[in-house]
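A structural walkthrough
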Amino acid sequence: MNPTTSPNPATGLVIYAKDLARMTAFYQRTLGLQVVEDDATYAVLQNAQLQLVVQAIPAHIAEQIHIDTPPQAREDTPLKASHLVPSLAAVREAAAATGGVIKPASAEWRFRGQVIVDGLDPEGNVVQFRQAEGA
């Protein structure tokens, strides 16, 4: 997709990453986003509803950040992104393949016609995934 001709969705999110490639792969696979533009310092992923920019943290700052494996939750932020997905099972597989962690089915809950579960991206950012009940 040509970034100069691609429509820009109304909703966007920027995530700063220590490991640009790993974080890009996680969000690309869990959310089914297409990489529409990238270079050594960022990647723009999007679909018709969302534009997500994964921005590399400058090296002098990134070297001071430790990421555990598996990642530990970053609980010092007041934000949590929430994404509607076709399949929580597919999200679990994609997250496991790219270094993220999704809570087990026993931790899912239901709210407003959706099944919801939290997880962590490869760097510990808490992210929520929602699937329509009965999907």
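For clarity, every value in this text was computed on a predicted model and none was experimentally measured.

We now examine the sheet that holds strand β3 (residues 42–46). Adjacent strands of a sheet pair through backbone hydrogen bonds, lying either parallel or antiparallel. Spatial strand order, β1-β4-β3-β2: four strands in an open sheet with mixed pairing. Edge positions in the sheet fall to β1 (11–17) and β2 (34–38), since each has one partner strand and no second. Adjacent strand axes in the sheet meet at a mean angle of 20° when their direction is disregarded. Both β2 and β3 contribute to a ladder of four bridges, which runs antiparallel. The partner of Q34 across the bridge, within β3, is Q46.

The description of an aromatic ring pair uses the distance of the two centres, along with the angle that the planes make with each other. Across all of its chains, the model carries one aromatic pair by this definition. Measuring from centroid to centroid gives 4.8 Å for F26 and Y27, while their planes differ by 85°, and the two rings are edge-to-face. Considered together, F26 and Y27 belong to a single accessibility category, that of buried residues.

Membership of the largest hydrophobic core comes to 23 residues, with the highest contact counts inside it found for Y27, L31, L52, V54 and F129. Secondary-structure elements contributing two or more residues to this core are β1, α1 (20–31), β3, β4 (50–56), α3 (88–98), β8 (114–120) and β9 (126–132). Element by element, the count of residues in this core is highest for α1, at five residues. Dropping the residues within four chain positions of it, F129 is found in contact with F26, T30, L31, H83, V85, L88, V91, I102, V115, I116 and V117.

Overall, the coordinates contain four salt bridges when judged by the stated rule. The shortest N-O distance in the salt bridge between K80 and D118 comes to 3.0 Å. Of this pair, K80 sits in the loop between α2 (59–62) and β5 (81–84) while D118 is found in strand β8, placing the two residues 38 residues apart along the sequence. Under the relative-accessibility criterion, D118 is labelled buried at 11%.

Structurally, E123 can be placed in the loop between β8 and β9. The class of E123 is buried, set by a relative accessible area of 4%. Within the structure, E123 has its side chain in polar contact with the backbone nitrogen of D19 (distance 2.6 Å). The contacts of E123, once residues within four sequence positions are left out, are Y16, A17, K18, D19, M23, I67, P71 and R74.

It is worth spelling out the pairing of β9 at this point. β9 sits mainly inside the fold: five of its seven residues count as buried. Judged from the four bridges that link them, β5 and β9 form a sheet pairing that is parallel. The partner of A81 across the bridge, within β9, is V127. In this structure, β8 lies alongside β9, joined through seven bridges in antiparallel fashion. Looking at β9, one finds that V117 is bridged to F129.

Rules and cut-offs
- Residues numbered from 1 in each chain as written.
- Predicted model: local features only at pLDDT ≥ 70, side-chain atom pairs only at ≥ 80, totals over all residues.
- Heavy atoms only, no water.
- Pairing = 2+ DSSP bridges.
- Helix = DSSP H or I, 4+ residues; strand = E, 2+ residues; numbered from the N terminus.
- Axes fitted to C-alpha atoms, helices over the stretch in contact; angles between N-to-C directions.
- Phe/Tyr/Trp six-rings, centres within 6.5 Å; stacked < 30°, edge-to-face > 60°.
- Buried < 20%, exposed > 50% of the residue type's maximum accessible area, 1.4 Å probe, protein only.
- Core = buried A, V, L, I, M, F, W, Y, C linked by side-chain atoms within 4.5 Å.
- Contact = heavy atoms within 4.5 Å.
- Salt bridge = Lys/Arg side-chain N within 4 Å of Asp/Glu carboxyl O.
- Polar contact = N/O pair within 3.5 Å; in protein donor to acceptor, adjacent residues only side chain to side chain.

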